Amino acid sequence: MAGPAVTAPAGAPPQPELLVSAALHLMSHYSANAAQAGPCLKLASVIERHLKALASHGDLNPVLRATCQQLSEQWAAVVDQALPRPSRPTLFKRFVGAARPETR
């Protein structure tokens, strides 16, 4: 979705204006989609990566870099919270699993 908007020619780093534009565009889509279909983990992850790239961009104003760093951490938390957690085995499953002899 945002790939072509942030790809720079000849491997040059993306222009910060393109990254800001793409991040704002993605955030708008995330907000609109969350209201209709619920939050999208993939979109939140792409937003987090864009903000992280902006936070490390040397040509950006230090205040804007710091803001992008804070926002990237907040979006990373959104992604982390949305990831499915592995289910913990119940006491019964642990007991039954421990009772079985290992086969090699």
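Residues numbered from 1 in each chain as written. Predicted model: local features only at pLDDT ≥ 70, side-chain atom pairs only at ≥ 80, totals over all residues. Heavy atoms only, no water.

**Examining the overall build of the protein chain**
Moving on, step 1. Within the protein chain, the regular secondary structure consists of 5 helices and 0 strands.
Moving on, step 2. Going from N to C terminus, the protein chain has its helices and strands arranged as α-α-α-α-α.
Moving on, step 3. Going through the 104 residues of the protein chain one by one, you find that 22% of them count as buried.
Moving on, step 4. Once local pairs closer than 6 in sequence are excluded, the contacts in the protein chain between residues at least 24 apart make up 53%.
Moving on, step 5. Counting only carbon and sulfur atoms, one obtains 60% of the accessible surface of the protein chain, whose full area is about 7,700 Å². (Helix = DSSP H or I, 4+ residues; strand = E, 2+ residues; numbered from the N terminus. Buried < 20%, exposed > 50% of the residue type's maximum accessible area, 1.4 Å probe, protein only. Contact = heavy atoms within 4.5 Å. Areas by Shrake-Rupley, 256 points an atom, 1.4 Å probe, with all protein chains shown as cover.)

**Description of the nonpolar core**
Moving on, step 1. Counting 15 residues, the largest nonpolar core has Tyr30, Ile47, Leu51 and Trp75 as its most contacted members.
Moving on, step 2. Elements that contribute at least two residues to this core include exactly helix H2 (16-37), helix H3 (41-55) and helix H4 (62-82).
Moving on, step 3. At 7 residues, the largest contribution of residues to this core is made by H3.
Moving on, step 4. When near neighbours in sequence (up to four residues on either side) are disregarded, Ile47 contacts Leu26, Met27, Tyr30 and Trp75. (Core = buried A, V, L, I, M, F, W, Y, C linked by side-chain atoms within 4.5 Å.)

**Regarding the environment of Ala44**
Moving on, step 1. Within the fold, Ala44 resides in helix H3.
Moving on, step 2. Sequence-wise, Ala44 and Asp80 are 36 residues apart; in three dimensions their C-alpha atoms are separated by 9.9 Å.
Moving on, step 3. Beyond its immediate sequence surroundings of up to four residues, Ala44 is in contact with Tyr30, Trp75, Val78 and Val79.

**Some points on the packing of H3 against H4**
Moving on, step 1. Interaxial distance between H3 and H4 falls to 8 Å at its minimum, and their mutual angle equals 155°. One way to sum up the angle between H3 and H4 is to call them roughly antiparallel. The chirality of how H3 crosses H4 is left-handed. Of the residues in H4, those in contact with Leu41, Ala44, Ser45, Ile47, Glu48, Leu51, Lys52, Leu54 and Ala55 of H3 are Arg65, Cys68, Gln69, Leu71, Ser72, Trp75, Ala76, Val78, Val79 and Ala82.
Moving on, step 2. Residues that form the contact of H3 with H4 fall into these classes: 13 nonpolar, 3 polar and 3 charged. (Axes fitted to C-alpha atoms, helices over the stretch in contact; angles between N-to-C directions. Parallel < 35°, antiparallel > 145°, perpendicular 65-115°, else oblique. Left-handed = near helix turned anticlockwise from the far one by under 90°. Nonpolar A, V, L, I, M, F, W, Y, C, P; charged D, E, K, R; others polar.)

Just distances and angles here, no functional claims.
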